[in-house]
Amino acid sequence: MAGYRNELYGILRDFMEVRHTLESLLRMLRVVECAYEQESKDIYMITAVRFYLEAVHRELDASIHRFDRYMVQIE
């Protein structure tokens, strides 16, 4: 039973990391909004946003696959 609990906590930590990344992305988007309000387009900020979106996608995809494999094992 402890093995299951540890694995579930590991998956939970993965999702929390994804959540943290999303929060960072939201902060960046707020900065972009302010930049557009000032009619200033910053290509570096746009590139950083894309980088974070790609990172979130990879992390979430890995967590989902890990969780799916685990669920198959315990059935």
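Notes on the structure in this doc start here. (Residues numbered from 1 in each chain as written. Predicted model: local features only at pLDDT ≥ 70, side-chain atom pairs only at ≥ 80, totals over all residues. Heavy atoms only, no water.)

A few words on the packing of aromatic side chains. Inspection of every chain in the model, using the stated rule, returns 1 aromatic pair. Between Phe51 and Tyr52, the ring centres sit 5.8 Å apart and the planes meet at 85 degrees, which makes this aromatic pair edge-to-face. (Phe/Tyr/Trp six-rings, centres within 6.5 Å; stacked < 30°, edge-to-face > 60°.)

Using the criterion set out here, one finds 4 salt bridges in the structure. Across the pair Arg19 and Glu23 runs a salt bridge, and its minimum N-O distance is 3.4 Å. In this pair, Arg19 and Glu23 both sit in helix H1 (residues 2-37), 4 residues apart, roughly one turn of the helix. Each member of the salt-bridge network shares a partner with another, and the members are Glu7, Asp14 and Arg66. (Salt bridge = Lys/Arg side-chain N within 4 Å of Asp/Glu carboxyl O. Helix = DSSP H or I, 4+ residues; strand = E, 2+ residues; numbered from the N terminus.)

Looking now at the environment of Ser24. Inspection of the secondary structure assignment puts Ser24 in helix H1. Along the sequence, Ser24 and Val49 sit 25 residues apart, while their C-alpha atoms lie 9.4 Å from each other.

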